[in-house]
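Listed below, chain by chain, are the residues.
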Amino acid sequence: MTIRPALPKSLTLRPRRAALMLGTVAMMAMASVASAESVTWVRSLDAASLDVHSRNEGVTITLLKHLYEPLVERANDGSLLPRLATDWQMLPDDPAVWQFKIREGVTFHDGTPLTAADVVFSLQRAQDEGSGFRSYLSSVAEITAPDDYTVNVRLVGVSPIFPTNLTPIMIMSADWAAANDSLTPQAAGSTDVNYATTHENGTGRYQLHSREVDVASHLTAYDAHWSGQIPAVDDITFRVISDPSTRLAALLSGEADFVQDVPVQDVERLRETAGINLVDGPENRIIYFGYDVSSDSLMSSNVDGNPFADARVREAIALAFNRDAIHRVVMRGQSVPAGVAVPPFVDGWTPELDAYAAPDIAGATALLAEAGYPDGFSVQLDCPNDRYLNDEAICIATAGMLGQIGIDVTVAGASMAIVSPKVIGDQSDFFLLGAGVPTFDSAYLFDVLYHSKTGAYGAYNGSRLADPALDARIEALASEVDIDARSAAMTGIWQTLKDEFIVLPVHSQVLSYAMREGLSLPVHPENIPNLADMQVAQ
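Overview of the structure. (Residues numbered from 1 in each chain as written. Predicted model: local features only at pLDDT ≥ 70, side-chain atom pairs only at ≥ 80, totals over all residues. Heavy atoms only, no water.)

## Examining the overall build of the protein chain
Line of reasoning, step 1. Secondary structure assignment for the protein chain yields 15 helices and 21 strands.
Line of reasoning, step 2. Relative to its length of 538 residues, the protein chain is compact, with a C-alpha radius of gyration of 23 Å against a globular reference of 24 Å.
Line of reasoning, step 3. Principal-axis analysis of the C-alpha atoms gives the protein chain an extent of 70 × 60 × 45 Å.
Line of reasoning, step 4. Put simply, the protein chain has 538 residues, and 58% of those count as buried.
Line of reasoning, step 5. For the protein chain, the exposed surface amounts to about 19,700 Å²; the carbon and sulfur share of it is 50%.
Line of reasoning, step 6. A distance of 5 Å separates the average location of the 35 positive side-chain charges in the protein chain from that of its 68 negative side-chain charges. (Helix = DSSP H or I, 4+ residues; strand = E, 2+ residues; numbered from the N terminus. Rg over C-alpha atoms; globule rule 2.2 N^0.38 Å. Buried < 20%, exposed > 50% of the residue type's maximum accessible area, 1.4 Å probe, protein only. Areas by Shrake-Rupley, 256 points an atom, 1.4 Å probe, with all protein chains shown as cover. Lys, Arg positive; Asp, Glu negative; His and termini not counted. Charge placed at Lys NZ, Arg CZ, Asp CG, Glu CD.)

## Description of the pattern of salt bridges
Line of reasoning, step 1. For the structure on display, the rule yields 21 salt bridges.
Line of reasoning, step 2. Among the ionic pairs, Arg464 bridges to Asp292, the shortest N-O distance being 3.1 Å. Here the residue Arg464 occupies a position in the loop between helix 13 (442–450) and helix 14 (468–476), and Asp292 occupies one in the loop between strand 13 (276–291) and helix 8 (311–320), the gap between them amounting to 172 residues.
Line of reasoning, step 3. On the basis of relative accessibility, which here comes to 15%, the residue Arg464 falls in the buried class.
Line of reasoning, step 4. Through salt bridges with shared partners, a single ionic network connects Asp292, Asp426, Lys453 and Arg464. (Salt bridge = Lys/Arg side-chain N within 4 Å of Asp/Glu carboxyl O.)

## Some remarks on the state of the cysteines
As used here, a disulfide is simply a covalent bond connecting the sulfur atoms of two cysteines.
Line of reasoning, step 1. For the structure on display, the rule yields one disulfide.
Line of reasoning, step 2. A disulfide bridge connects Cys383 with Cys395, and the sulfur atoms are separated by 2.2 Å. Between Cys383 and Cys395 the disulfide shows an S-S torsion of about 90°. By sign, it is right-handed. Separated by 12 residues along the polypeptide, Cys383 in strand 16 (residues 377–384) and Cys395 in helix 11 (residues 391–403) bring together distant segments of the chain. Neither Cys383 nor Cys395 differs from the other in exposure class; each is buried. (Disulfide = S-S within 2.5 Å.)

## Focus: the sheet that holds strand 7 (residues 140–147)
Line of reasoning, step 1. Spatially, 5-6-8-7 is the arrangement adopted by the four strands of the open sheet, whose pairing is antiparallel. Both edges of this open sheet fall to strand 5 (85–91) and strand 7, since each of them pairs with a single strand only. For this sheet, the mean inter-axis angle between neighbouring strands, taken without regard to orientation, is 20°.
Line of reasoning, step 2. Taken together, the six bridges between strand 5 and strand 6 (residues 94–102) define a ladder with antiparallel strand orientation. Bridging from a neighbouring strand, Ala85 pairs with Ile102 of strand 6.
Line of reasoning, step 3. Sheet strands touched by helix 3 (residues 116–126): strand 6, strand 7 and strand 8 (150–155). Its angle to strand 7, the strand with the most contacts, is close to 170°. (Pairing = 2+ DSSP bridges. Axes fitted to C-alpha atoms, helices over the stretch in contact; angles between N-to-C directions. Contact = heavy atoms within 4.5 Å.)

## Thoughts on the pairing of strand 18 (residues 430–436)
Line of reasoning, step 1. The buried count for strand 18 comes to seven of seven residues, which makes it a mostly enclosed element.
Line of reasoning, step 2. Looking at chain direction, strand 13 and strand 18 are connected through seven bridges and run antiparallel. Residue pairing across strands places Arg285 opposite Gly436, the latter belonging to strand 18.

## Regarding unusual backbone geometry
Line of reasoning, step 1. For Arg332, which is not glycine, the phi dihedral falls at a positive 50°.
Line of reasoning, step 2. Looking at the secondary structure, you find Arg332 in the loop between helix 9 (323–330) and strand 14 (335–337).
Line of reasoning, step 3. Although it is not a glycine, Phe501 sits at a positive phi angle of roughly 55°.
Line of reasoning, step 4. With respect to the secondary-structure elements, Phe501 resides in the loop between helix 15 (483–499) and strand 19 (503–516).

## Topic: the packing of helix 8 against helix 10 (residues 361–370)
Line of reasoning, step 1. In contact at an axis separation of 8 Å, helix 8 and helix 10 are set at 165° when each is read in the N-to-C sense. With respect to their mutual orientation, helix 8 and helix 10 come out roughly antiparallel. Our pair here, helix 8 against helix 10, has a crossing hand that is left-handed. Counting all contacts with helix 8, which are made through Arg312, Val313, Glu315, Ala316, Leu319 and Ala320, the residues of helix 10 involved are Ile361, Gly363, Ala364, Leu367, Leu368 and Glu370. (Parallel < 35°, antiparallel > 145°, perpendicular 65-115°, else oblique. Left-handed = near helix turned anticlockwise from the far one by under 90°.)

## So, the packing of helix 9 against helix 11
Line of reasoning, step 1. Where helix 9 contacts helix 11, the axes come no closer than 11 Å and their chain directions differ by 135°. Taken as axis vectors, helix 9 and helix 11 run oblique relative to one another. Viewed along their axes, helix 9 and helix 11 form a crossing whose handedness is right-handed. For the pair helix 9 and helix 11, contact is made by Ala325, Ile326 and Val330 and by Ala393, Ile394, Ala397, Thr398 and Met401, respectively.

## Details of helix 9
Line of reasoning, step 1. Residues of helix 9 that are buried: Arg323, Ala325, Ile326 and Val330. When helix 9 is viewed along its axis, its buried side chains cluster within an angular range of 160° and face the same direction.
Line of reasoning, step 2. On the buried face of helix 9, the contacting elements are helix 8, strand 14, strand 15 (356–357), helix 11 and strand 19.
Line of reasoning, step 3. Positive backbone phi, approximately 50°, marks Arg332, located one or two places after helix 9. (Arc of directions from axis to C-beta.)

## Let's talk about the pairing of strand 10 (residues 216–221)
Line of reasoning, step 1. Burial along strand 10 is one-sided: the residues Ser217, Leu219 and Ala221 are buried and none of Ala216, His218 and Thr220 is.
Line of reasoning, step 2. Both strand 9 (residues 206–212) and strand 10 contribute to a ladder of six bridges, which runs antiparallel. Each residue of the ladder has a partner; that of Tyr206, found in strand 10, is Ala221.
Line of reasoning, step 3. Taking the residues that link successive antiparallel strands as the turn, the strand 9-strand 10 hairpin has three residues, and the phi of Asp214 there is positive, at about 70°.
Line of reasoning, step 4. Sheet analysis places strand 10 next to strand 11 (residues 233–240), joined by five bridges and oriented antiparallel. What sits directly across from Thr220, in strand 11, is Asp235.

## Here's the deal with the environment of Val342
Line of reasoning, step 1. By the element assignment, Val342 lies in the loop between strand 14 and strand 15.
Line of reasoning, step 2. Given the relative accessible area of 0%, Val342 is considered buried.
Line of reasoning, step 3. As a C-alpha pair, Val342 and Glu268 span 74 residues in sequence and 28 Å in three-dimensional space.
Line of reasoning, step 4. Those residues in contact with Val342 that sit more than four places away from it in its chain are Ile286, Trp349, Ser442, Leu445 and Trp494.

Now the structure itself:
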């Protein structure tokens, strides 16, 4: 039996490909300056660093996009908007070069002007081996500035979608970085710090006024921003409250104004609560289980060898896993079950790929025995307990499912600040993570999660997959100019990964934002809202 998950109406229509929009940024309608307000924004987790090229993690990027800006930005509908670049094109006489015109009149928060030299420096810094963003620039051969407001990016081939890779890469001041010994980024997963780890000097709508790590950060509007506008919300206190009930209590008491991480079990109650505005929408993020598929042995198992290296074991796990039970019981309907590890927003996804088999405990048990594990085995599951919706509850439920076929799973729940470095550092046998897709293109996930850990590739390849033939197929996407052929190639790669059960997809989340009455902010598909876009009722 094959199950095809029913998608919410908002997900059944494929988004149009990102259009290259030229000209002035289309700013959202905002209340007048006279209505400017202070907002206390509460999340379950703090940014891991203020270094904009260190941590490729949603929570970190969300805070930093208030302080810094990229060349191009992703709108809620998936299209590209100009930010620090006003327009961009492939050079007609040399299509391997993308040329970006840099916005004039932009200043960093210390008052110094933005020039092309800062952009060149920032993109090169993001290519550093320690950067969590290096995979976005894996196809880049050279970055140059022919004048103060032009940047040329030469690729190893021709890529018609390259600008979509730049939406999460923020621009910093080259002189400021040099003066403060921050020429290279804090290595992703490292506890080492530099000046940029704890200080900022961006061009964003807000400046950092004060910060206490894991407690609160205070942001105030930057009144010299190039847009010439002060946001309706001109004062932000970003607070960290890890406990879900305490977060909601803060909202209901008026101590918090905007809560981003709403527990699924409280969505309907908040929807009916007077004085609370609750909005929801699908997220462009896949939640998945990964496992070490290549090591000779596991660190946390009671058997010799590596059971996860056998595709039959991985298939058995997939057959024991009940996505619909997770959707119904754990997520209270706030998810879209997935049969492939890519969200429906993303080019390369198809309904056929997203189909998944019904649970089959007898079949799963037989596969385990065939693979040489008739009595099962034990393993530790590293699971964040403060990052995704009901993340630890998903892990606990999955442990129970796998127990039915003899796999004894010990759930090691911990903060994402602990789990993520373990996965990046190849110190986890079995883990739960999520992956957003800022490019809305499957090549990003292939580069980051499935390509061998070589050079700019494989930064988050916690599965330690190393397949030269697959690597070649992934790398070929960077120079495929036929859009339809490229989409078909991506779908083919997903089919290979699915056939080998390289990871176990769980679902895409349905997000809810809760805020006090009078505030309005739509759910961002990447869960990267910017409070400069928040509307305040007059």
